[in-house]
Amino acid sequence: MKVLIISYYFPPMNGPVTQHPTWFLRFLPLYGLESHIVSSSVFYGENLGAAPLKGNVHAVPTGMLSQRFARQLYRAEFYIQWHLRVWDHGFTWAWAFGIDEACRLIDTGGVEAIISVSPPVASHWAAYRIKRRFPALKWIADFTDPFLGNPFRNSKEWLLPHERRLERKLFETADYLAANTNPARDLWRERYPEYDDKFVVVPNGYDPEEHIAARPFPPRSAPVLAHAGGVYGGRIPNALFEGLFELAQAGSIRPGQLNIEFLGSSDFSTVRRPEQFQFLLKSGFVKLRCEYVPREQALRFTEEANFLLLLDITAPHNTKLQVPSKIFDYIRVGRPILAFTANGSPSATILKQSGIQHVIIPNEGSPGEVQDGILRFLSLPESPETPTDWVIRNFDARTIVGRVATIIKGGRAAEMPQW
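1. A look at the packing of aromatic side chains
Throughout the structure, instances matching the rule amount to 23 aromatic pairs. Geometrically, the ring pair formed by Phe91 and Trp125 is tilted, given 5.7 Å between the ring centres and 55° between the ring planes. With Phe91 in helix α3 (residues 91-107) and Trp125 in helix α4 (residues 122-133), this residue pair connects regions lying 34 residues apart in the sequence. By relative accessible area, which is 26% here, Phe91 ends up partly exposed. Seen in terms of ring centroids, Phe143 and Phe171 are 5.9 Å apart; in terms of plane orientation they differ by 55°. Their pairing is tilted. With Phe143 in strand β5 (residues 138-143) and Phe171 in helix α5 (residues 160-173), the pair connects residues that are 28 residues apart, well separated along the chain. Each member of the pair, Phe143 as well as Phe171, is classed as buried. Taken together, Phe143, Phe171, Trp188, Tyr192, Tyr195 and Phe199 form an aromatic cluster joined through their ring pairs.

What follows is the structure, encoded as structure tokens:
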């Protein structure tokens, strides 16, 4: 049995969005399924950094002229979306290249199922068009982020009716719809109770073939609380900056006791208290390395940190729908984790069962709670801990893909534990 994966994003695009399609391609064969992927060969305005994957990868378009044409299409798409303040790339790719390539592969025979992965939702739109042409195919739509209800989508009022119609068409037509967390699935159950039997959970997790472990600390003037990855908009840790500023003003924390380092393509231009933020920068409490680096370099930065910073912030909405994929990198490193997340969030549940030292500061916490949490965190030992069997058992990518393989073969995947 062949399974065709539809994903606009794929290596050499480097980012969490490529995690699920990469796992499907690599691990479905462990369960007797031949996997192929249709993805884009050109990403306008996106950073690259990962090595291209070999195997049954059909990255389109091919050829210099076609790729030049694709860049022009993507540039036009990007320009229009920039003016509309709507960010969902890939529709030009799906329309001009992706759907045709997928249909060509299906026409060769043997394909019995397709898996589409978002973001962007254009991958699901492509799969929807393919399913209409080949209705016998089993289609699993994997939403690693919610479409409607995504706190970072910021859809315009005039666009919402169109998005609602698109989501309903996707939910009506797909055979299964995979949410990234139990709360996201529960949101769908409330919105579409008639499709309850279609909903499954396919979470983020860790790649068992990728070695991650704490490294010895390099020479440094102060302990480092590290965050690897971009920070912008509603994810900016304003409470952390303001709490740290107040502690510094009170003399509870002094320069040289802690450096918070951000590595990644970040934008702090909308920080809530710019004068306090500038103080933290000048005093050395905060250090910005606004550069895009390959995953290997980001992992080394994480592995060499004294402490790790998790920002599960969705201001102003404070939703509990997603889990940052880096939580599993952090847990495997094993150093203490300072987490900003909502009370009762999936991230909080995972940390509490992880076996790793951590302090959770609620996004809705008071300034006093934030300051107390920072001081409690700094008292934790820096030695790494080993993740619990619960983490290893439930979030191994091979296990996660195995649940999807069970669905493809006609079974019902085992329920994920509540988290």
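2. Some points on the pattern of salt bridges
What the rule picks out here adds up to 18 salt bridges. A salt bridge links Arg191 to Glu167, with the shortest nitrogen-to-oxygen separation between them at 2.9 Å. Of this pair, Arg191 sits in helix α6 (residues 182-191) while Glu167 sits in helix α5, and the two are 24 residues apart along the sequence. Residue Arg191 is classed as partly exposed on the basis of its relative accessible area of 28%. With its nearest N and O atoms 3.7 Å apart, the salt bridge here joins Arg185 to Asp186. By relative accessible area, which is 3% here, Arg185 ends up buried. Overall, the relative accessible area of 30% leaves Asp186 in the partly exposed class. Each of Arg185, Asp186, Arg189 and Asp196 takes part in one network of salt bridges that share partners.

3. What to know about the sheet that holds strand β9 (residues 259-263)
Taken together, the six strands give an open sheet; going across it, the order is β10-β9-β8-β11-β12-β13, and neighbouring strands pair in parallel fashion. Of all the strands in the sheet, just β10 (286-289) and β13 (358-362) have a single pairing partner and so form its edges. Adjacent strand axes in the sheet meet at a mean angle of 20°, parallel and antiparallel pairs treated alike. Note that strand β12 (residues 337-341) and β13 share five bridges and pair parallel. Note that in β13 the partner of Ala339 across the bridge is Ile360.

4. Focus: the nonpolar core
In terms of nonpolar packing, the biggest core is built from 48 residues, with Leu4, Trp93, Ile130 and Phe171 touching the most fellow members. Each residue touching Ile130, except ones within four places of it in the same chain, is listed here: Ile6, Ile99, Ala102, Cys103, Ile106, Ile114 and Leu137. One finds Leu240, Ile253, Leu311 and Phe340 within the second-largest nonpolar core, a separate group that totals 31 residues.

5. Things to note about the sheet that holds strand β1 (residues 2-6)
Spatial ordering of the open sheet is given by β3-β2-β1-β4-β5-β6-β7, a layout of seven strands whose pairing is parallel. Of all the strands in the sheet, the pair left with one neighbour each is β3 (57-60) and β7 (199-201). Averaged over all adjacent pairs, the angle separating strand axes in this sheet is 20°, with direction ignored. Bridging between strand β4 (residues 111-118) and β5 involves six bridges; their strand directions are parallel. Looking across to β5, one finds that Ile115 is bridged to Ile140.

6. Some details on α5
One turn of an α-helix holds 3.6 residues; hence residues three or four places apart share an orientation. With 14 residues, α5 extends 20 Å from end C-alpha to end C-alpha; this agrees with the ideal 20 Å at 1.5 Å per step. By the burial criterion, the buried members of α5 are Leu160, Glu163, Leu166, Glu167, Leu170 and Phe171. All buried residues of α5 project into a common sector of 130° when viewed along the axis, lining one side. In the core, the buried residues of α5 are packed alongside α4, β5, β6 (176-179), α6 and β7.

7. Observations concerning the confidence of the model for the protein chain
Taken residue by residue, the protein chain gives an average pLDDT of 91. The fraction at 70 or more is 95%. For the protein chain, the element scoring lowest by mean pLDDT is helix α2 (residues 64-84), at 88; β1 scores highest, at 98.

8. Digging into the pairing of β1
Across the five residues of β1, four count as buried, placing the element largely inside the fold. In terms of strand pairing, β1 meets strand β2 (residues 34-40) through five bridges, oriented parallel. Looking at β2, one finds that Lys2 is bridged to Glu34. Crossover connection from β1 via helix α1 (residues 19-27) to parallel β2: handedness right-handed.

9. Some details on a nonpolar patch on the surface
On the surface, Tyr79, Ile80, Leu84 and Trp158 cluster together to form a nonpolar patch covering roughly 440 Å² of accessible area. Examined against the element boundaries, Ile80 turns out to sit in helix α2.

10. Some remarks on unusual backbone geometry
The general pattern is negative phi for most residues beyond glycine and trans for most peptide bonds. Pro12 follows Pro11 through a cis peptide bond whose omega is 20°. Its place among the elements puts Pro12 in the loop between β1 and α1. Geometrically, the link from Ser118 to Pro119 is a cis peptide bond, its omega value of 10° lying close to zero. Examined against the element boundaries, Pro119 turns out to sit in the loop between β4 and α4.

11. A look at the packing of α3 against α4
At a closest axis distance of 9 Å, the pairing of α3 and α4 adopts a crossing angle of 40°. Judged by the inter-axis angle, α3 sits oblique to α4. The way α3 lies across α4 gives a crossing that is right-handed. In contact with Phe91, Ala94, Trp95, Ile99, Ala102, Cys103, Ile106 and Asp107 of α3, α4 contributes Ala122, Trp125, Ala126, Arg129, Ile130 and Arg133. Counted by class, the contact of α3 with α4 contains eleven nonpolar, no polar and three charged residues.

Conventions adopted
- Residues numbered from 1 in each chain as written.
- Predicted model: local features only at pLDDT ≥ 70, side-chain atom pairs only at ≥ 80, totals over all residues.
- Heavy atoms only, no water.
- Phe/Tyr/Trp six-rings, centres within 6.5 Å; stacked < 30°, edge-to-face > 60°.
- Helix = DSSP H or I, 4+ residues; strand = E, 2+ residues; numbered from the N terminus.
- Buried < 20%, exposed > 50% of the residue type's maximum accessible area, 1.4 Å probe, protein only.
- Salt bridge = Lys/Arg side-chain N within 4 Å of Asp/Glu carboxyl O.
- Pairing = 2+ DSSP bridges.
- Axes fitted to C-alpha atoms, helices over the stretch in contact; angles between N-to-C directions.
- Core = buried A, V, L, I, M, F, W, Y, C linked by side-chain atoms within 4.5 Å.
- Contact = heavy atoms within 4.5 Å.
- Expected span 1.5 Å × (residues − 1).
- Arc of directions from axis to C-beta.
- pLDDT = per-residue confidence, 0-100.
- Right-handed = clockwise from strand over helix to strand, strands pointing away.
- Patch = residues over 30% accessible without salt bridge, like charges linked within 9 Å, V, L, I, M, F, W, Y side chains within 5 Å.
- Areas by Shrake-Rupley, 256 points an atom, 1.4 Å probe, with all protein chains shown as cover.
- Parallel < 35°, antiparallel > 145°, perpendicular 65-115°, else oblique.
- Left-handed = near helix turned anticlockwise from the far one by under 90°.
- Nonpolar A, V, L, I, M, F, W, Y, C, P; charged D, E, K, R; others polar.

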